[in-house]
Amino acid sequence: MVKASCNSEMILLVTNKRDVTTDFVVRELDARDIPFVRLNTEDIASGEVIFDLATGGWVVQVDDQTLALDAVTGAYYRRPVAPLVDTDPDDAAIAPYREGEWSAVLKSIWNELEGRWFNSPFAIMRAEDKPRQLKTAIKLGFKVPETILTNNLDRAVAFRAERSCIGKPLRHALLDDAIGPGRVIFTNTIPLLNEDDRDAISLAPVILQSEIPKTCDIRVTVVGDRVFATRIGSQETADTKTDWRKGSNPALSHSSLVLEANTAERCRVLTRELGLGFGAIDLVEDVNGQLWFLEINPNGQWAWIETRTGAPISAAIVDVLCA
C-alpha cells in the first residue's frame with residue numbers, strides 16, 4: 001500500500017476503550033507517522049478541560065494527553081460512550097449531575113469541531129432517521145421494500161395479511177439487561193397477527209417491511225468517494241437467512257464485489273444527501289438479481305470486512321481525515 005501524504009497537525013479519534021474498529025485507524029495512523037489523540041470518552045471525567053473565552057480556545061487533558069482543539073484538523077466520531085463518574089454513597093444526586101455536566105462539555109467540544117468531522121455527530125443523529133433514509137433512497141432511484149412504521153395493531157394486521165413481511169426495530173437493536181449481557185433484537189419474519197398481539201404491538205413502534213426473497217446480502221461501505229461492496233452469503237445457513245448477523249457465524253462467506261456504476265453512484269449520493277462522509281449501506285439481492293435498499297448506518301461497523309476481504313477501509317478513512 002502506498003502511504004498518502006498528510007498535512008494535518010493532529011487527528012482526533014473520539015471513541016471508547018472497547019472499540020476495536022478504532023484500533024484499525026490507530027494502526028493506519030501509526031504506519032503513516034501521523035500524530036493523533038484517542039479520546040475514550042468514558043475517561044473524560046477523570047481529566048481536565050479549559051475553555052477560555054478571551055482566546056476562544058479549548059484544551060482537554062486526559063491520561064497525560066493534552067489536546068488543544070485548535071490544532072485538530074480532522075476528527076473521527078466513532079462510538080463514544082457516556083462519561084464514567086464515581087458514585088457518592090452519601091449523595092446519590094452527585095453522580096447524575098457530574099455525568100450531565102461532562103456530557104454537556106462533550107457536546108460543546110463536538111460543536112467546536114464542526115467542519116472538521118468525518119461524519120459530524122449531529123449529522124449522524126439526523127441520518128439515523130430511518131423513515132428519512134427510505135424516502136431519500138426512493139428519491140434517488142433505489143428499489144425499497146414496502147414499509148410501514150406503527151404500533152397500531154389494526155394497521156399492522158392489514159399490512160401483514162397482504163404480504164410476507166419482516167419486522168425490525170426503529171432505533172435500538174440491543175436490550176440492556178441489568179442482570180446479564182444485553183440481548184440483540186434481530187430482524188425476524190412476522191407471522192400472521194391477531195388480537196392476541198395488540199398489547200405487544202402497542203408497546204413501541206416497529207418497522208414492518210415486505211420480505212424480499214434474496215440470494216445474498218450486500219454491505220456497501222462508503223468512505224468519501226470510495227465504495228467498498230461486500231457480498232455476504234446469508235443464505236448459506238438456516239439461522240442467517242433472514243438476518244445474517246444472527247448466530248455470528250464465522251464461516252459465512254464474504255467476498256468483495258464491484259457494483260454497477262449507477263448503483264455505486266447512488267450509494268455515494270445517498271451518503272452525501274444525508275450529510276455524511278461515511279455510510280454503511282445494507283442492500284439485498286433478490287432472486288432476479290435486483291438490488292433492494294434496506295437502510296444505511298451512519299456509524300456502522302466495518303473492521304470485520306477489512307479483515308475478511310482485505311478492503312482498505314481504514315486507509316480510505318485516514319485519507320479523508322488527512323485531506
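This text follows the structure it describes.
Figured I'd write up the structure that's included with this text. Only a predicted model underlies this, so the values are computations on that prediction, with no experimental measurement involved.

## Topic: the overall build of the chain
Next up, step 1: When its secondary structure is counted, the chain shows nine helices and 18 strands.
Next up, step 2: For 323 residues, the compact-globule estimate of 2.2 N^0.38 gives 20 Å, and the C-alpha radius of gyration of the chain, at 22 Å, lies within 12% of that figure.
Next up, step 3: Across its three principal axes, the chain shows a C-alpha extent of roughly 65 × 55 × 35 Å.
Next up, step 4: Each of the 323 residues in the chain was classed as buried or not, and the buried ones make up 45%.
Next up, step 5: Look at the contacts in the chain between residues 6 or more apart in sequence, and 66% of them connect residues 24 or more apart.
Next up, step 6: Averaging the locations of the 35 positively and 47 negatively charged side chains of the chain gives two centres separated by 7 Å.

## Things to note about the state of the cysteines
Next up, step 1: Following the criterion strictly, the structure yields zero disulfides and no others.
Next up, step 2: In this model Cys 216 remains outside any disulfide bridge; the closest cysteine sulfur is found in Cys 267, 14 Å from its own.
Next up, step 3: Look at Cys 216 and you get buried, because its relative accessible area is 1%.

## Overview of the nonpolar core
Next up, step 1: Of all hydrophobic cores here, the largest spans 25 residues; its most connected members are Leu 12 and Ile 109.
Next up, step 2: Residue assignment for this core shows that the elements contributing at least two residues are strand E1 (11-15), strand E2 (36-40), strand E4 (57-62), strand E6 (74-77) and helix H2 (94-112).
Next up, step 3: It is H2 that provides the largest number of residues to this core, a total of six residues.
Next up, step 4: Among the nonpolar cores identified, the runner-up in size contains 23 residues, and Phe 24, Val 223, Phe 228 and Ala 311 belong to it.

## So, the pairing of strand E8 (residues 147-150)
Next up, step 1: Here E8 shows one buried face, formed by Ile 148 and Thr 150, and one open face, formed by Thr 147 and Leu 149.
Next up, step 2: Two strands pair when backbone bridges link them, and E8 and strand E13 (residues 206-210) are joined in this way by four bridges, in the antiparallel orientation. Residue pairing for E13: Ile 148 is matched across the bridge by Leu 208.

## Description of the pairing of strand E9 (residues 165-168)
Next up, step 1: Burial along E9 is two-sided: the face carrying Cys 165 and Gly 167 and the face carrying Ile 166 and Lys 168 are both buried.
Next up, step 2: Here E9 pairs with E13 via four bridges, running antiparallel. Each residue of the ladder has a partner; that of Lys 168, found in E13, is Ile 207.

## What about H2?
Next up, step 1: Helix length check: H2, at 19 residues, gives a terminal C-alpha distance of 27 Å against a target of 27 Å (1.5 Å per residue), a fit within 8%.
Next up, step 2: Within H2 the residues assigned to the buried category are Ala 95, Trp 102, Val 105, Leu 106, Ile 109 and Trp 110. Take H2 and look down its axis: the buried residues cluster within an arc of 145 degrees, on one side only. Away from its buried face, by an angle of more than 90 degrees, H2 presents the exposed residues Pro 96, Tyr 97 and Lys 107.
Next up, step 3: Its buried side turned inward, H2 meets E1, strand E3 (48-52), E4, E6, strand E7 (117-118) and helix H3 (121-127).

## A word on unusual backbone geometry
Next up, step 1: One non-glycine residue with positive phi stands out, namely Asp 33, at about 55 degrees.
Next up, step 2: Mapped onto the secondary structure, Asp 33 falls in the loop between helix H1 (20-31) and E2.
Next up, step 3: Asp 33 sits in the exposed class, given a relative accessible area of 68%.
Next up, step 4: With a phi angle near 75 degrees, Asn 119 is a residue other than glycine that sits in the positive phi range.
Next up, step 5: Structurally, the position occupied by Asn 119 is in the loop between E7 and H3.

## Notes on the environment of Leu 291
Next up, step 1: By the secondary structure assignment, Leu 291 is in strand E18 (residues 291-297).
Next up, step 2: With 28 residues separating them along the chain, Leu 291 and Thr 263 place their C-alpha atoms 8.8 Å apart.
Next up, step 3: Not counting chain neighbours up to four residues away, the residues in contact with Leu 291 comprise Lys 143, Ile 218, Leu 259, Thr 263, Leu 283, Val 284 and Glu 285.

## Concerning the layout of surface pockets
Next up, step 1: Roughly 370 Å³ of internal volume is contained in the second largest pocket.
Next up, step 2: Lining the second largest pocket are 17 residues; nearest its centre among them are Lys 168, Ala 200, Ala 204, Pro 205 and Val 206.

## A short note on H1
Next up, step 1: Between its terminal C-alpha atoms H1 stretches 17 Å, which fits the 16 Å expected from 12 residues at 1.5 Å a residue.
Next up, step 2: For H1, every residue scored as buried is listed here: Thr 21, Thr 22, Phe 24, Val 25, Val 26, Glu 28 and Leu 29.
Next up, step 3: Lining the buried residues of H1 we find E1, E2, E6, helix H8 (303-309) and helix H9 (313-321).
Next up, step 4: Backbone geometry just downstream of H1 places Asp 33 in the positive-phi region, at approximately 55 degrees.

## A few points about the packing of aromatic side chains
Next up, step 1: If you walk through the whole model with that rule in mind, you get nine aromatic pairs.
Next up, step 2: Plain terms: the ring middles of Tyr 77 and Trp 117 are 5.7 Å apart, the flat faces sit at 85 degrees to each other, and that makes the pair edge-to-face. Taken as a pair, Tyr 77 in strand E6 and Trp 117 in strand E7 lie far apart in primary sequence, 40 residues in all.
Next up, step 3: A relative accessible area of 16% means that Tyr 77 is categorised as buried.
Next up, step 4: Classification of Trp 117 by relative accessible area gives buried; the value is 11%.

Calculation notes
- One numbering rule holds for all chains: residues counted from 1, following each sequence as written.
- In view of the model being predicted, local features appear only for residues whose pLDDT reaches at least 70, and side-chain atom pairs are presented and counted only at 80 or more, with totals across whole chains, interfaces and linings using the full set of residues.
- Think of the side-chain values as coming from all heavy atoms in the structure, minus any hydrogens and water.
- In this description a helix means any DSSP run of H or I spanning at least four residues, a strand means any run of E spanning at least two, and both kinds are numbered starting from the N terminus.
- Atoms considered for the radius of gyration are the C-alpha atoms alone. The globule rule reads 2.2 Å times the number of residues to the power 0.38.
- Relative accessibility decides the category of a residue: with a 1.4 Å probe and only protein chains considered, values under 20% of the type maximum give buried, values over 50% give exposed, and everything between is partly exposed.
- By the convention used here, residues are in contact when the closest approach between their heavy atoms is within 4.5 Å.
- Charge counting treats Lys and Arg as positive and Asp and Glu as negative, with His and both chain ends excluded.
- Note that the charge is assigned to NZ on lysines, CZ on arginines, CG on aspartates and CD on glutamates.
- The disulfide definition used here is simple: a pair of cysteine sulfur atoms within 2.5 Å.
- Only buried residues count toward a nonpolar core, which is a set of Ala, Val, Leu, Ile, Met, Phe, Trp, Tyr and Cys residues joined through side-chain atoms within 4.5 Å.
- Two strands pair under a simple rule: DSSP has to find at least two bridges between them.
- Take the residue count of a helix, subtract one, and multiply by 1.5 Å to get its expected span.
- Our arc is simply the arc of the directions from the helix axis toward the C-beta atoms.
- The pocket and cavity definitions rest on a 1 Å grid over protein atoms only: a 1.4 Å probe that fits but cannot leave marks a cavity, an open set with protein on both sides within 12 Å along at least five of seven lines marks a pocket, and residues lining either have an atom within 4 Å of a point.
- Grid points are joined across faces, edges and corners, and a volume is the space filled by probe spheres set on the points.
- Note on aromatic pairs: the rings of Phe, Tyr and Trp (six-membered ring only in Trp) are paired at centre separations within 6.5 Å, and the planes decide the class, stacked below 30 degrees, edge-to-face beyond 60, tilted for the rest.

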